[in-house]
Amino acid sequence: MHMLLQFNFKNFKSFRDDTTLDMTATKISEYEKHIARVGGEQVLPIAAIFGANASGKSNVIEAFRYMHEYVIFSLNYGGDAPKKERDGFVRPTPFVFDSNSKDAESFFEVYFTDETDIKEKTYNYGFTIDSEGVIEEWLNVKAKTAKESTKVFYRNRKTDELDLSGFTNKVKDNLAIALERETLLVSLGSKLKVEKLKFIRDWFIKNEFTNFGKPIENFFLSNVVPENFATDENVRKKVVDYLSAFDNSIVDFKVEVIKGETEDDEKLKIDAVHKMVDGNGFGSIPLQQESAGTLKMFALYPWVNDILQSGGVLIVDELNAKLHPLLVRVFTQTFLNKELNPNNAQLIFTTHDSWQLNANLLRRDEIWFTEKQDNGISQLYSLADFVDEDGVKIRKDENYEKNYLLGKYGAIPTLKYFDLFKEE
């Protein structure tokens, strides 16, 4: 149960400047039951990001995903790694339409809290990186009752600084000897079983990413099944119960394991079992013949189930794709329901579905917008922080959807006719 408090990044794709996605609650008075109080912080379970096509919504997700993957895999990029893996180092894409930014480092940072610790500590971890590898990396920790954070470590390639004051002398020596320019200390420390650093890497591992907007990834996700789905009847029953929230026609699944040429090569043939409409028994069809919405919810189940049990963060790009707005609402409400979400799992998602803005569902500080300016720079801002032309903040009784579509909050496409189709 480690809740994300804040994600900060800079110079990543269309986001040139300092950008913050803040999961802590502001001092507004709606839907107070959404708030989880951990580590001296008031934390929100949801961040819904709205915006026009090409406004930068997905880039917010991709920035978090880059940080996530670099923490997990950076050990493979060091000088002693096999050449194929070492060549896998990829610099994050900077904002390229600025002569300074395109050659500058990118910045990634998270704050998260550990409510399982009796001291309810808050962690601040981040790094900057350029085409040659890691420039800076830092880890600070603060107990709930402490006035200030304590530095665990800090490194800076440009000043040749390596401060490992938060470790024993033996750990310091092991880290200093093995550290590579492309490798993060948290990745190296996790490999060396340094508990403080393994804890940070494990936090990232618990977070899950899905993107149903990419055809290749969508195909992969649609072929993922829950663990023990073929062998455990209780697992299949849980999936049926989950799907019944929007489609109660499926009453069971039939699963056949098809062996391949090798022992590890096997596939599952899954049929969805339905009641016959005339009441005479049951019939079944291949799962892949179910609706796109049903297939998407089936594909989401393993991630939702894992996150609700572990209390991590589920990040979904284009949640609304192939889903009815009411189904998106049901999905979102799962994370808002304390009984269904006792471990304070969090959901961050992007969507085009403006109906969710006016569904009496989200707080103003759970609603975020991305907007790309004329110079190509994207901005991310919360509805709770938005002020109109007169400097007035948005009221909680406003029609968010109507005002959003009217352009009051920005973050909508500039609409023009397709002149190229006009006959000469």
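Residues numbered from 1 in each chain as written. Predicted model: local features only at pLDDT ≥ 70, side-chain atom pairs only at ≥ 80, totals over all residues. Heavy atoms only, no water.

### A look at the overall build of the protein chain
In step 1: Scanning the protein chain from terminus to terminus reveals 10 helices and 18 strands.
In step 2: When burial is assessed residue by residue, the protein chain has 50% of its 424 residues classed as buried.
In step 3: Pairs at least 24 residues apart make up 60% of the contacts formed inside the protein chain by residues separated by at least 6 positions.
In step 4: Total accessible area on the protein chain stands at roughly 22200 Å², and carbon and sulfur atoms take up 49% of it. (Helix = DSSP H or I, 4+ residues; strand = E, 2+ residues; numbered from the N terminus. Buried < 20%, exposed > 50% of the residue type's maximum accessible area, 1.4 Å probe, protein only. Contact = heavy atoms within 4.5 Å. Areas by Shrake-Rupley, 256 points an atom, 1.4 Å probe, with all protein chains shown as cover.)

### Section: the nonpolar core
The tendency in soluble globular proteins is for nonpolar side chains to be buried side by side.
In step 1: Of all hydrophobic cores here, the largest spans 53 residues; its most connected members are Phe64, Phe108, Val110, Tyr125, Phe153 and Ile348.
In step 2: When residues in this core are grouped by element, the largest group, eight residues, is from helix 1 (residues 57-73).
In step 3: Within the second largest apolar cluster, 44 residues are counted, among which are Ala48, Val224, Trp303 and Leu308. (Core = buried A, V, L, I, M, F, W, Y, C linked by side-chain atoms within 4.5 Å.)

### A few points about the packing of helix 1 against helix 5 (residues 195-206)
In step 1: It is the contact of helix 1 with helix 5, at a shortest axis distance of 9 Å, that shows an interaxial angle of 130°. In terms of orientation, helix 1 lies oblique with respect to helix 5. Two packed elements cross with a definite hand, and for helix 1 against helix 5 that hand is left-handed. On helix 5, the residues touching Phe64, Met67, His68, Val71 and Ile72 of helix 1 are Arg201, Trp203, Phe204 and Ile205. (Axes fitted to C-alpha atoms, helices over the stretch in contact; angles between N-to-C directions. Parallel < 35°, antiparallel > 145°, perpendicular 65-115°, else oblique. Left-handed = near helix turned anticlockwise from the far one by under 90°.)

### Notes on the packing of aromatic side chains
In step 1: Considering all chains together, one arrives at 27 aromatic pairs under this definition.
In step 2: Relative to Tyr381, the ring of Phe369 has its centre 5.9 Å away and its plane inclined at 50°; by these criteria the two rings are tilted. In this pair, Phe369 sits in strand 17 (residues 367-372) while Tyr381 sits in strand 18 (residues 378-382), placing the two residues 12 residues apart along the sequence.
In step 3: Taken together through their ring pairs, the aromatic side chains of Phe12, Tyr66, Tyr70, Tyr77, Phe108, Phe112, Tyr123, Tyr125, Phe127, Phe199, Trp203 and Phe204 make up a single cluster. (Phe/Tyr/Trp six-rings, centres within 6.5 Å; stacked < 30°, edge-to-face > 60°.)

### Looking at the sheet that holds strand 9 (residues 150-156)
In step 1: With respect to topology, seven strands assemble into an open sheet ordered 2-1-6-7-8-9-10, the strand pairing being antiparallel. This sheet does not close on itself; its edge strands, each paired only once, are strand 2 (19-22) and strand 10 (161-163). On average, adjacent strands in this sheet sit at an angle of 15° to one another, irrespective of strand direction.
In step 2: As paired elements, strand 1 (residues 2-10) and strand 2 share four bridges and run antiparallel to each other. Across the sheet, the residue bridging to Phe9 is Thr19, located in strand 2.
In step 3: Taken strand by strand, helix 1 contacts strand 1, strand 6 (106-114), strand 7 (122-130) and strand 8 (133-142), and its axis lies near 95° from that of strand 7. (Pairing = 2+ DSSP bridges.)

### Considerations on helix 1
Residues separated by three or four positions in an α-helix point in the same direction, a consequence of the helix having 3.6 residues per turn.
In step 1: Here helix 1 spans 25 Å end to end across 17 residues, near enough to the 24 Å set by a 1.5 Å rise per residue.
In step 2: Within helix 1, 14 of the 17 residues are buried, leaving the element largely enclosed by the surrounding structure. (Expected span 1.5 Å × (residues − 1).)

### What to know about the sheet that holds strand 11 (residues 208-211)
In step 1: If you walk across this open sheet you meet the six strands as 11-15-16-5-17-18, and the pairing is mixed. This sheet does not close on itself; its edge strands, each paired only once, are strand 11 and strand 18. Ignoring strand direction, the axes of neighbouring strands in this sheet form an average angle of 15°.
In step 2: Across five bridges, strand 17 lies against strand 18 in antiparallel orientation. Bridge pairing in strand 18 places Glu371 opposite Gln379.
In step 3: Across the sheet, helix 1 lies against strand 5 (46-51), strand 11, strand 15 (313-317), strand 16 (346-351), strand 17 and strand 18, angled at about 140° from strand 11, the strand it touches most.

### Notes on the environment of Asp117
In step 1: Structurally, the position occupied by Asp117 is in the loop between strand 6 and strand 7.
In step 2: With relative accessibility at 22%, the residue Asp117 sits in the partly exposed group.
In step 3: On a C-alpha basis, the gap between Asp117 and Gly39 in space is 9.2 Å, while along the polypeptide they are 78 residues apart.

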